[in-house]
Amino acid sequence: MALRKKKAQISVYLDPKTMGILADYAARRDQPQSLIAEAAIASFLSPDAAEQREAAIAKRLDQLDRRMARLERDLGISVETLAVFVRFWLATTPTLPEPAAHAARAKAGERYEAFVAALGRRLATGPRLVQEVSEEGAGELGR
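Thresholds, definitions, all that
- Residues numbered from 1 in each chain as written.
- Predicted model: local features only at pLDDT ≥ 70, side-chain atom pairs only at ≥ 80, totals over all residues.
- Heavy atoms only, no water.
- Axes fitted to C-alpha atoms, helices over the stretch in contact; angles between N-to-C directions.
- Helix = DSSP H or I, 4+ residues; strand = E, 2+ residues; numbered from the N terminus.
- Parallel < 35°, antiparallel > 145°, perpendicular 65-115°, else oblique.
- Left-handed = near helix turned anticlockwise from the far one by under 90°.
- Contact = heavy atoms within 4.5 Å.
- Nonpolar A, V, L, I, M, F, W, Y, C, P; charged D, E, K, R; others polar.
- Salt bridge = Lys/Arg side-chain N within 4 Å of Asp/Glu carboxyl O.
- Buried < 20%, exposed > 50% of the residue type's maximum accessible area, 1.4 Å probe, protein only.
- 1 Å grid on protein atoms, 1.4 Å probe; cavity = no way out; pocket = protein on both sides within 12 Å on 5 of 7 lines; lining within 4 Å.
- Points joined across faces, edges and corners; volume = space filled by probe spheres on them.

### Remarks on the packing of helix H1 (residues 16-29) against helix H2 (residues 33-45)
Logical step 1: The interhelical angle for the contact between H1 and H2, taken along N-to-C directions, is 110°, at an axis separation of 9 Å. Taken together, the axis directions place H1 and H2 in an arrangement best described as roughly perpendicular. Here H1 runs over H2; the crossing is right-handed. Within the contact between the two elements, H1 uses Met-19, Leu-22, Ala-23, Tyr-25 and Ala-26 and H2 uses Gln-33, Ile-36 and Ala-37.
Logical step 2: Residues that form the contact of H1 with H2 fall into these classes: 7 nonpolar, 1 polar and no charged.

Shown next as structure tokens:
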């Protein structure tokens, strides 16, 4: 039968706020406060605590890096989409004589409002363009 070593007892002074946090945490976990305090002190004094923090920070940075890469990809798709549309529009839209241009501007206002409404519906419910564009197609944007 293995003998249990008796734990050493210490007195620690905690400010009321820290003591309240400790008491609440121990109560939520249904554990003695001394066990929670012991685990916290052991974690604080652990030689690998710095390595654990560094690993956690590295993991978080990797997640942020992946998010940034997705944002860069999505922005590239958006810029290319706009450029293709503008080139197409400029190549296919003839200039109008002045009497027709006035009527066209009025109709353009109506069409723009319809476009904004459709865009709002799509952003609220529909798939995003970047979801429709395949990863392979997006890779070609950088070429």
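### Comments concerning the pattern of salt bridges
Oppositely charged side chains can form a pair if their charged atoms are brought close together.
Logical step 1: Per the stated rule, a full pass over the model turns up 4 salt bridges.
Logical step 2: Here Asp-74 and Arg-73 are joined by a salt bridge, their closest N and O atoms 3.3 Å apart.
Logical step 3: The class for Asp-74 is partly exposed, based on a relative accessible area of 23%.
Logical step 4: Note on Arg-73: relative accessible area 21%, which makes it partly exposed.
Logical step 5: In this structure, Arg-105 and Glu-98 form a salt bridge, with 3.2 Å as the shortest nitrogen-oxygen distance.
Logical step 6: Classification of Arg-105 as exposed rests on a relative accessible area of 51%.
Logical step 7: Assessed through its relative accessible area of 53%, Glu-98 is described here as exposed.

### Overview of the layout of surface pockets
Logical step 1: Estimates place the volume of the largest pocket at around 940 Å³.
Logical step 2: In terms of lining residues, the largest pocket is bounded by 21 residues, among which Phe-85, Trp-89, Arg-111, Tyr-112 and Phe-115 are the most central.
Logical step 3: Elements with a minimum of two residues in the lining of the largest pocket: helix H3 (49-92), helix H4 (98-125) and helix H5 (129-132).
Logical step 4: Sort the elements by how many residues they give to the lining of the largest pocket and H4 lands first, with 9 residues.
Logical step 5: In terms of residue class, the lining of the largest pocket is built from 14 nonpolar, 3 polar and 4 charged.
Logical step 6: In this structure, the second largest pocket is lined by 20 residues; those nearest its centre are Gln-33, Ser-34, Ala-37, Glu-38 and Ile-41.
Logical step 7: For the lining of the second largest pocket, the secondary structure elements donating two or more residues are H1 and H2.
Logical step 8: Partitioning the lining of the second largest pocket into residue classes produces 13 nonpolar, 5 polar and 2 charged.

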